[in-house]
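Here is what each chain is made of, one letter per residue.
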Amino acid sequence: MVITRQQLRRALGLGGAMVRGNAERKLARLPSLRPKFAWSEAAPLFALLFLGFRSVDAFYSPSTAARAVGSRSSVGNRVGVALLSSSAPAEAEGVKRGGYLDEEQLQFCKAYLNEHHKSDVLVPFVNAFSDLGATSVKKNMWMGGSYSIVDAEVVDITSDALELEATVQEGGKPKKTTVTVGLDSDPVPGMARTYSTLPQIDPLKLSVASKVPIDNFCRRMVRLCNIVKAYEATGKMIQMGVQLGGTGVGKLRNDLYLNQVPHNRYVRQYFYDMAAEASLEAAILCSNKQISNRMKITAMFPEMNPSMDSYRIGTLLELARAIAIKLAEQNLRVRVCVQGSMGVGIFTGVPKQLNGVHTLLQRMDWQSGPGEENEGMVGDFVNFGLVGKEHVVNFSDGVGDAPATQQDDVFIIICPQNMIGIECSIIGRLEEMVDAAGDRPVILLNSDLTDKVSSQGQQSIRGRQQRLDFANSFDTIYQFQNTYFSGTSYFPILGSVVKLGPLEPWVAHQRRDLVDDGGEVYLPIFFFFSVPERETLIKLISR
């Protein structure tokens, strides 16, 4: 049975409106009452028999784990705290006995890697991360390529390394030798020119994966695969982890049908829920000083893409509302902001995408009226404003008969963007607002902070590097963006690039249609820890 927040308040004796104090904190401790999408309730799931079979979706295997969320936290200088309930990722079967991988996982990983990834993964690993690679470079300078590593096989997997049996052919004579490749290795000095190293995985991000050892193993394998440029194998590592009880990194539900516009309501709600969960997790991490307070969300499915004729302003506002309500339900005060008019003289205005958004935002249904689900939320926990330091509200004690002012905890800025014209850069106002917010989270929703070439050298020459540095200071906490053959052709959808949380990696998917109109699936094909390059994505998705 689903009950409303209003019914819950009455049961707790909180009355009809949101009140501050102990009652407010009791309500904040309760988990969200909104029903969430459960992977176990999806369409029938199918087991992947052979990971090398490309036409099967590896994410049909169900996962009962949920993304970990923080516990008790405060935001900025706020006195109140929000107690957040969450589910820790489920442990893989057999891990409780104390091993890194259980026996089933170990045997499966060894068999799969030896069967499908000798030439593209294991042999390059031996070349890049063991002394045999450096030895082959030195000897082949004099032996004309007669020294080569022809085969490699996984013998054992520990929490620190892969144990490999490599076959070296020298002068026509094969020789087997055992090598150890650390899971956090960098290329050996002799192979540094051939294979460029990558930074170690952020310990905070790796600690999330460490709760399920198979996820930990797969993420570290992905880094090594990226170093040896085995990009296609990174997607297979994700699939392998899912099949062996992992949490489903970058998992997307099937049958989204994003080429169908308008989208189904459950599709919109699916994206709203993911973005709201990511925002809440980011706010918690920010309050714990684990990530920066400068954040951005990019949601570019067809109804959110202003370059397409399917763009729907209502979807944008509904997304902003879902994020704001999610944060407000955890006792955080949210200010939703839209940039105001910019320009000089008769050239004053706002971007077409934001025309009328400030008014629509306040007139839309927030279910905040008397007797409604979010009674009293707007005006207390959710407020509205424009972009500028004057719209940052801080706590102040009441003077005389004036009541005390509660400070804003989180700022959501909808589609900040520059315009063509004089004095039409949003960067100045936005930077002042971010500075005034201090260490409180500032979330940019679908921002476009690129320069628009204008007269008098504005937004093209003067101060360009400073503007770029400011724009790049915002870290992505959530992204869903479809990929196409070109930037002007939006059909068919090839796949997507996603980042489902502040500590989640980037995952590229390829969209595939099932036979006999059986639906569509998003199959992970690429996994990385920073924004993937477009050329690499197109090359992989087009295969």
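Structure shown above.
Quick summary incoming for the structure in this document.

Calculation criteria
Residues numbered from 1 in each chain as written. Predicted model: local features only at pLDDT ≥ 70, side-chain atom pairs only at ≥ 80, totals over all residues. Heavy atoms only, no water. Helix = DSSP H or I, 4+ residues; strand = E, 2+ residues; numbered from the N terminus. Buried < 20%, exposed > 50% of the residue type's maximum accessible area, 1.4 Å probe, protein only. Contact = heavy atoms within 4.5 Å. Areas by Shrake-Rupley, 256 points an atom, 1.4 Å probe, with all protein chains shown as cover. Salt bridge = Lys/Arg side-chain N within 4 Å of Asp/Glu carboxyl O. Pairing = 2+ DSSP bridges. Axes fitted to C-alpha atoms, helices over the stretch in contact; angles between N-to-C directions. Expected span 1.5 Å × (residues − 1). Core = buried A, V, L, I, M, F, W, Y, C linked by side-chain atoms within 4.5 Å. Parallel < 35°, antiparallel > 145°, perpendicular 65-115°, else oblique. Nonpolar A, V, L, I, M, F, W, Y, C, P; charged D, E, K, R; others polar. Arc of directions from axis to C-beta. Left-handed = near helix turned anticlockwise from the far one by under 90°. Phe/Tyr/Trp six-rings, centres within 6.5 Å; stacked < 30°, edge-to-face > 60°.

## As for the overall build of the protein chain
A count of helical and extended segments in the protein chain gives 14 helices and 14 strands. A buried classification covers 52% of the 543 residues belonging to the protein chain. Within the protein chain, residue pairs in contact and separated by at least 24 positions form 65% of the contacts whose partners lie at least 6 positions apart. Here the protein chain displays about 24,800 Å² of accessible surface, and carbon together with sulfur accounts for 53% of that area.

## Looking at the pattern of salt bridges
Should the charged atoms of two oppositely charged side chains come close, the side chains can pair. In total, this model carries 15 salt bridges according to the counting rule given. Residue Arg 223 pairs with Asp 186 through a salt bridge whose shortest N-O separation is 2.6 Å. Remark: Asp 186 occurs in the loop between strand 5 (173-182) and helix 6 (203-209) and Arg 223 occurs in helix 7 (residues 213-227); sequence separation between them is 37 residues. Across the pair Asp 380 and Arg 333 runs a salt bridge whose closest N-O atoms are separated by 3.2 Å.

## Quick look at the sheet that holds strand 14 (residues 520-528)
With respect to topology, nine strands assemble into an open sheet ordered 8-7-9-10-6-11-12-13-14, the strand pairing being mixed. Both edges of this open sheet fall to strand 8 (382-386) and strand 14, since each of them pairs with a single strand only. Across this sheet, the average inter-strand angle for adjacent strands is 20 degrees, counted without regard to direction. Pairing between strand 12 (residues 495-499) and strand 13 (residues 506-513): four bridges, direction antiparallel. Counterpart to Val 498 in the pairing with strand 13 is Val 507. Together, strand 6 (294-300), strand 7 (334-338), strand 8, strand 9 (410-414) and strand 10 (442-445) form the strand contacts of helix 12 (residues 427-437), whose direction differs from that of strand 9 by roughly 165 degrees.

## As for helix 9 (residues 265-287)
The end-to-end C-alpha distance of helix 9, which contains 23 residues, comes to 33 Å, matching closely the 33 Å that a straight helix rising 1.5 Å per residue would cover. Burial within helix 9 is extensive, with 19 of its 23 residues counted as buried. Remark: Lys 289 follows helix 9 within two positions and exhibits a positive phi of approximately 60 degrees.

## What to know about the pairing of strand 8
Taken across its five residues, strand 8 has four buried, putting it largely inside the fold. Bridging between strand 7 and strand 8 involves five bridges; their strand directions are parallel. Among the inter-strand pairings, Val 338 is bridged to a residue of strand 8, identified as Leu 386.

## A few points about the sheet that holds strand 3 (residues 147-157)
Spatially, three strands are ordered 3-4-5 in an open sheet, and the strand pairing comes out antiparallel. Lying at the two open borders of the sheet, with one neighbouring strand each, are strand 3 and strand 5. The average undirected angle you get between the axes of adjacent strands in this sheet is 25 degrees. Both strand 3 and strand 4 (residues 161-170) contribute to a ladder of nine bridges, which runs antiparallel. Following the sheet pairing, Asp 151 is matched in strand 4 by Thr 167.

## Details of the nonpolar core
Ranked by internal contacts, the top residues of the largest apolar core, which has 108 residues, are Phe 125, Phe 217 and Ile 414. If one sorts the elements of this core by residue count, helix 9 sits on top with 13 residues. Not counting chain neighbours up to four residues away, the residues in contact with Phe 217 comprise Tyr 100, Leu 101, Cys 109, Ile 157, Leu 162, Leu 183 and Met 240. Formed by 20 residues, the second largest nonpolar core is a distinct cluster that contains Val 392, Ile 413, Leu 430 and Ala 437.

## Points about the packing of helix 7 against helix 8 (residues 231-243)
At a closest axis distance of 9 Å, the pairing of helix 7 and helix 8 adopts a crossing angle of 175 degrees. When the axis of helix 7 is compared with that of helix 8, the two are roughly antiparallel. Contact with helix 7, carried on its side by Ile 214, Phe 217, Cys 218, Met 221, Val 222, Cys 225 and Asn 226, involves Tyr 231, Ala 233, Thr 234, Met 237, Met 240 and Gly 241 of helix 8 and no other residues of that element. Looking at the contact of helix 7 with helix 8, its residues break down into ten nonpolar, three polar and no charged.

## A closer look at helix 14 (residues 534-541)
Spacing of three or four residues puts side chains on the same side of an α-helix, whose turn is 3.6 residues. Buried within helix 14 are the following residues: Thr 536, Leu 537, Leu 540 and Ile 541. All buried residues of helix 14 project into a common sector of 120 degrees when viewed along the axis, lining one side. Counted as exposed and oriented over 90 degrees from the buried face of helix 14: Glu 535 and Lys 539. Against helix 8, strand 11 (475-483), strand 12, strand 13 and strand 14 lie the buried residues of helix 14.

## Describing the packing of helix 9 against helix 10 (residues 313-328)
Following both chains from N to C, one finds helix 9 and helix 10 inclined at 40 degrees, their axes separated by 9 Å at the closest point. Considering their axes alone, helix 9 and helix 10 lie oblique with respect to each other. Considering only the axes of helix 9 and helix 10, their crossing is right-handed. Here helix 9 contributes Arg 268, Phe 271, Tyr 272, Ala 275, Ala 276, Glu 277, Ser 279, Leu 280 and Ala 283 to the contact with helix 10, which in turn contributes Thr 315, Glu 318, Leu 319, Ala 322, Ile 323, Lys 326 and Leu 327. The residue inventory of the contact of helix 9 with helix 10, partitioned by class, reads ten nonpolar, two polar and four charged.

## Remarks on unusual backbone geometry
Across the chain, the bulk of peptide bonds are trans and the bulk of non-glycine residues have phi less than zero. A cis amide bond, omega 0 degrees, links Val 261 with the succeeding residue Pro 262. Backbone geometry places Asp 255, a non-glycine residue, at a positive phi of 60 degrees. Locating Asp 255 in the fold gives a position in the loop between helix 8 and helix 9. For Asp 255, a relative accessible area of 22% puts it in the partly exposed group. Non-glycine residue Asn 446 carries a positive phi angle of around 55 degrees. Following the sequence through the fold, Asn 446 ends up in the loop between strand 10 and helix 13 (464-472). Asn 446 sits in the buried class, given a relative accessible area of 6%.

## A look at the side chain of Thr 234
In this structure, Thr 234 sits in helix 8. Those residues within four positions of Thr 234 in sequence are excluded, and the remaining contacts are Val 222, Cys 225, Asn 226, Ile 525, Phe 526 and Phe 527.

## A few points about the packing of aromatic side chains
Going through the model one piece at a time under the given rule, you end up with nine aromatic pairs. Between Phe 271 and Phe 480, the ring centres sit 4.7 Å apart and the planes meet at 55 degrees, which makes this aromatic pair tilted. Pair noted here: Phe 271 is in helix 9 and Phe 480 is in strand 11, with a separation of 209 residues, a long-range link. Given a relative accessible area of 1%, Phe 271 falls into the buried group.

Such coordinate-based values are descriptive only and should not be taken to indicate function.
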